[in-house]
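Architecture at a glance
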Amino acid sequence: MAQIIFYILIGLMIFQAIMLIHDIITHRDDLGPGNWLISGIIGFITDFADTIGIGSFAITTMLLNATKQIDDDRKLPGILNVGHAIPVLTEAIIFVTVIKVDALTLVSLIVAAMVGSWFGSKYVTKLSEKAVQKWIGWALLITAILMLLRQTEVIALLGKGNTATALTGVKLLAGIFGNFLFGALMTVGVGLFAPCMAMVYMLGMTPLAAFPIMMCSCAGLQPVANINFIREKAYSRKIALAITIGGVPGVIIASQFLLGLDITMVTYLVIVIIFYTGIQYILKSRKTAAA
């Protein structure tokens, strides 16, 4: 089954690359705002962080905002999903061949996230700028809280001693519903990693099982969501492509050092910055409403 999923991931990577390249070539005279070098560096940093478990969406939002790369916040969800799709597929390909998880559990949760992302992306592309700013702000705050709970081992304690590599019965249904919800929320900027890892712990699975589940879920849902983002032109082509180009080497390098890397202080710093950025987006949405 791991081999089958491996080939599916390869197929999704090819599909995503064709969609993105076709759109770039078709609109080569209208690639949108952004700086190639800055966006590429952001892709490297954020996908490096993604591979070691910190996540990429919140940090990307923070860095794009700080460097003033985007001129329309409504395109941010599309940038996040389109730009990080191929790097996340690279992560999934690496981890699905290393960590063993029950095939039914893995496939069910991946499909649930993909279906959730389809509904989420269709809704997000219709949102107003004020709504996107507000929900991204709350998404960042939620992500920061989940990261803090995980970092202080509040969530980890719920999974203490867990050894299961499969879900059955009611727990499997709960996992399917949870990943459907996380897939939908990911299209408004809520990273799937932290909530998925918390859910895996609470359902009694080994923490290691979260890595192939969350990475394959993101890898499966992003190309699906991106059909809508690309079709609706709800993203910045230049920024997304630059993030992709910078992100892939970030993933490959990070995967080589994952087990021995101490990221405690870095993670706490990122949590503080994410809190700040989330509050800034909520305040920005209020200013947009008042304008």
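Residues numbered from 1 in each chain as written. Predicted model: local features only at pLDDT ≥ 70, side-chain atom pairs only at ≥ 80, totals over all residues. Heavy atoms only, no water.

The next point concerns the overall build of the protein. Counting its regular elements, the protein contains 12 helices and zero strands. When its helices and strands are written in sequence order, the protein yields α-α-α-α-α-α-α-α-α-α-α-α. Relative to its 291 residues, the protein shows a buried fraction of 55%. Put simply, of all contacts in the protein between residues at least 6 apart along the chain, 88% involve residues at least 24 apart. Counting only carbon and sulfur atoms, one obtains 70% of the accessible surface of the protein, whose full area is about 12,800 Å². (Helix = DSSP H or I, 4+ residues; strand = E, 2+ residues; numbered from the N terminus. Buried < 20%, exposed > 50% of the residue type's maximum accessible area, 1.4 Å probe, protein only. Contact = heavy atoms within 4.5 Å. Areas by Shrake-Rupley, 256 points an atom, 1.4 Å probe, with all protein chains shown as cover.)

By the element assignment, Glu91 lies in helix 4 (residues 76-96). With residues near it in sequence (within four places) discarded, Glu91 still touches Asp47, Asp50, Thr51, Phe193, Met215 and Val251.

As annotated by UniProt and renumbered to match this structure, "transmembrane region" (unreviewed entry) occupies residues 5-25, 37-64, 85-115, 135-159, 180-203, 209-227, 239-259 and 265-283. Taken as a whole, residues 85-115 contains 81% helix and 0% strand, while its terminal C-alpha atoms sit 16 Å from one another. (UniProt positions renumbered as here; feature names shortened; annotations may be inferred.)

With that out of the way, let us pick up the packing of helix 3 (residues 57-66) against helix 4. Helix 4 packs onto helix 3 with a crossing angle of 120° between their chain directions and a minimal axis gap of 11 Å. Classed by the angle they form, the pair helix 3 and helix 4 counts as oblique. Helix 3 and helix 4 meet at a crossing whose hand is right-handed. Residues Phe57, Thr60, Thr61 and Leu64 of helix 3 form the contact with helix 4, whose own contacting residues are Leu76, Ile79, Leu80, Asn81 and His84. Of the residues that constitute the contact of helix 3 with helix 4, the class distribution is five nonpolar, four polar and no charged. (Axes fitted to C-alpha atoms, helices over the stretch in contact; angles between N-to-C directions. Parallel < 35°, antiparallel > 145°, perpendicular 65-115°, else oblique. Left-handed = near helix turned anticlockwise from the far one by under 90°. Nonpolar A, V, L, I, M, F, W, Y, C, P; charged D, E, K, R; others polar.)

Once that is clear, we can look at the packing of helix 1 (residues 2-26) against helix 11 (residues 237-257). Relative orientation and spacing of two packed helices are given, respectively, by the angle between their axes and the distance between those axes. The N-to-C vectors of helix 1 and helix 11 enclose an angle of 140°; their axes lie 11 Å apart at closest approach. Regarding the angle of helix 1 to helix 11, the classification is oblique. Here helix 1 and helix 11 pass one another in a crossing that is left-handed. Residues Leu20, Asp23 and Ile24 of helix 1 form the contact with helix 11, whose participating residues are Arg237, Leu241 and Thr244. When grouped by side-chain class, the residues that make up the contact of helix 1 with helix 11 number three nonpolar, one polar and two charged.

What follows covers the nonpolar core. Membership of the largest hydrophobic core comes to 75 residues, with the highest contact counts inside it found for Leu9, Leu106, Leu192, Ile213, Met214 and Cys216. Not counting chain neighbours up to four residues away, the residues in contact with Leu9 comprise Leu89, Ala92, Ile93, Val96, Cys216 and Ala219. (Core = buried A, V, L, I, M, F, W, Y, C linked by side-chain atoms within 4.5 Å.)

What follows is about the pattern of salt bridges. For the structure shown, the criterion picks out three salt bridges. Where Asp23 meets Arg237, a salt bridge forms, and the shortest distance between an N and an O atom there is 2.9 Å. Here Asp23 is found in helix 1, whereas its partner Arg237 is found in helix 11, with 214 residues between them in sequence. With relative accessibility at 6%, the residue Asp23 sits in the buried group. Residue Arg237 is classed as buried on the basis of its relative accessible area of 6%. As a salt-bridge pair, Arg237 and Asp30 come within 3.9 Å of each other at their nearest N and O atoms. (Salt bridge = Lys/Arg side-chain N within 4 Å of Asp/Glu carboxyl O.)

A separate point is helix 3. In terms of residue burial, helix 3 counts as a mostly covered element, since seven of its 10 residues are buried. Looking at the residues trailing helix 3, positive phi occurs at Lys68, about 55°.

Confidence in the prediction for the protein averages 84 pLDDT; 88% of positions are at 70 or higher. Here helix 7 (residues 154-158) stands out as the least confident element of the protein, with mean pLDDT 54; helix 2 (residues 36-51) is the most confident, with 94. (pLDDT = per-residue confidence, 0-100.)

Attention shifts here to the environment of Phe119. By the secondary structure assignment, Phe119 is in helix 5 (residues 103-124). Note: C-alpha distance between Phe119 and Leu181 (62 residues apart in sequence) is 10.0 Å.

This part takes up the environment of Leu208. Checked against the element boundaries, Leu208 lands in the loop between helix 9 (193-202) and helix 10 (210-231). Since its relative accessible area comes to 52%, Leu208 is described here as exposed. C-alpha separation for the pair Leu208 and Ile99, spaced 109 residues apart in sequence, amounts to 7.2 Å.

Glancing now at helix 8 (residues 169-186). Compared with the 26 Å implied by 1.5 Å per residue over 18 residues, the 26 Å span of helix 8 between its first and last C-alpha is a close match. Taken as a whole, helix 8 has its buried residues at Leu172, Gly175, Gly178, Asn179, Phe182, Gly183 and Met186. The buried side chains of helix 8 occupy one side of the element, clustering within an arc of 140° when seen end-on. Among the exposed residues of helix 8, those oriented more than 90 degrees off its buried face are Val170, Leu173 and Phe177. (Expected span 1.5 Å × (residues − 1). Arc of directions from axis to C-beta.)

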